[in-house]
Amino acid sequence: GSIADADRYLDLGCGSGILATLLAREHPDSEVFAVDASWAAVDATRRTAAGTAVVTRWASDLVGFAEASLDVIVCNPPFHSEASVSTALSEFLFREAARTLRPGGIMLTVFNSHLEHRRALQRLVGPTEQLGRNQKFTVTRTVRI
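Not measured: the values here are computed from a predicted model. (Residues numbered from 1 in each chain as written. Predicted model: local features only at pLDDT ≥ 70, side-chain atom pairs only at ≥ 80, totals over all residues. Heavy atoms only, no water.)

(A) View of the pattern of salt bridges. Throughout the structure, instances matching the rule amount to seven salt bridges. In this structure, Arg47 and Asp43 form a salt bridge, with 2.5 Å as the shortest nitrogen-oxygen distance. Residue Arg47 and its partner Asp43 are both found in helix 2 (residues 39–48); the two are separated by four residues, about one turn of the helix. Looking at Arg47, the relative accessible area reads 55%, which means it is exposed. Here Asp43 falls in the partly exposed class, since its relative accessible area comes to 29%. Here Glu91 ties to Arg123 by a salt bridge, and the two come within 3.1 Å at their closest N and O atoms. Note that Glu91 is positioned in helix 3 (residues 88–100) and Arg123 in helix 4 (residues 117–124), a separation of 32 residues in sequence. Here Arg123 falls in the exposed class, since its relative accessible area comes to 55%. (Salt bridge = Lys/Arg side-chain N within 4 Å of Asp/Glu carboxyl O. Helix = DSSP H or I, 4+ residues; strand = E, 2+ residues; numbered from the N terminus. Buried < 20%, exposed > 50% of the residue type's maximum accessible area, 1.4 Å probe, protein only.)

(B) How the structure looks around the side chain of Thr56. Take Thr56: it is sitting in strand 3 (residues 55–58). Given the relative accessible area of 15%, Thr56 is considered buried. Separated by 2.8 Å, the side chains of Thr56 and Arg46 make a polar contact. (Polar contact = N/O pair within 3.5 Å; in protein donor to acceptor, adjacent residues only side chain to side chain.)

(C) Fine view of the packing of aromatic side chains. According to the stated counting rule, one finds two aromatic pairs in the structure shown. Ring centres of Phe33 and Phe65 lie 5.1 Å apart, and the angle between their planes is 85 degrees; on these two criteria the pair is classed as edge-to-face. Of this pair, Phe33 sits in strand 2 (residues 31–36) while Phe65 sits in the loop between strand 3 and strand 4 (70–75); the two residues are 32 residues apart in sequence, bridging distant segments of the chain. Phe65 matches Phe33 in its accessibility class, with the two residues each being buried. Arranged with centres 5.3 Å apart and planes meeting at 65 degrees, the rings of Trp39 and Trp58 form a pair that is edge-to-face. Residue Trp39 is found in helix 2, and its partner Trp58 is found in strand 3; the two are separated by 19 residues along the sequence. Residue Trp39 is classed as partly exposed on the basis of its relative accessible area of 42%. A relative accessible area of 55% places Trp58 in the exposed class. Over the ring of Phe65 we find Arg57, and its NZ or CZ is 4.2 Å from the ring centre. (Phe/Tyr/Trp six-rings, centres within 6.5 Å; stacked < 30°, edge-to-face > 60°. Lys NZ or Arg CZ within 6 Å of the ring centre and 35° of its normal.)

(D) Main features of the pairing of strand 9 (residues 137–143). The two faces of strand 9 differ: Thr138, Thr140 and Thr142 on one face are buried, but Phe137, Val139, Arg141 and Val143 on the other face are not. Relative to strand 9, strand 8 (residues 128–133) runs antiparallel, the two being bridged by five bridges. Bridging across to strand 9, Arg133 finds its partner in Thr138. Hairpin connection between strand 8 and strand 9: a loop of three residues separates the two successive antiparallel strands. (Pairing = 2+ DSSP bridges.)

(E) Quick look at the nonpolar core. By size, the foremost hydrophobic cluster in this structure holds 20 residues, and its most contacted members are Leu10, Leu12, Phe65, Ile73, Phe94, Met107 and Val125. Going through the elements one at a time, strand 1 (8–12), strand 2, strand 4, helix 3, strand 7 (101–112) and helix 4 are the ones with two or more residues in this core. With four residues, the top contributor of residues to this core is helix 3. Once residues lying within four places of it in the same chain are set aside, the contact partners of Val125 are Phe94, Ala98, Leu101, Met107, Ala120, Thr142, Val143, Arg144 and Ile145. Of all hydrophobic cores here, the second largest spans 13 residues; its members include Cys14, Ala49, Val54 and Val72. (Core = buried A, V, L, I, M, F, W, Y, C linked by side-chain atoms within 4.5 Å. Contact = heavy atoms within 4.5 Å.)

Below is the structure:
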């Protein structure tokens, strides 16, 4: 499926909300959700997305979303859990994405290049291709089977 014709988008770990806001502006007839475990991030997203139809949720998971209910998930996963670098949180988010993405749904992920997220995405979500990479960041596209 094309990102251009999706009905339901989710910015998982939305941070300041810039991705959700761009999606809402680009796809005004689609539903766009933004979820983050940080109240400060959700508050920032509400300010960034003001004037758009972005629906924000303060949550550490996607319990409020039904299985196979989303078309596209964009994610910039956190690279640390409190003070320690951890992949456990990212893998938890990838499992949540796998549960809520419809078959054929797309997950676009940007992460620090030194992290091995591509393998985890491949294992937990589906076939994953690298779209771009530099010393700092890697961008991947994963298709839910």
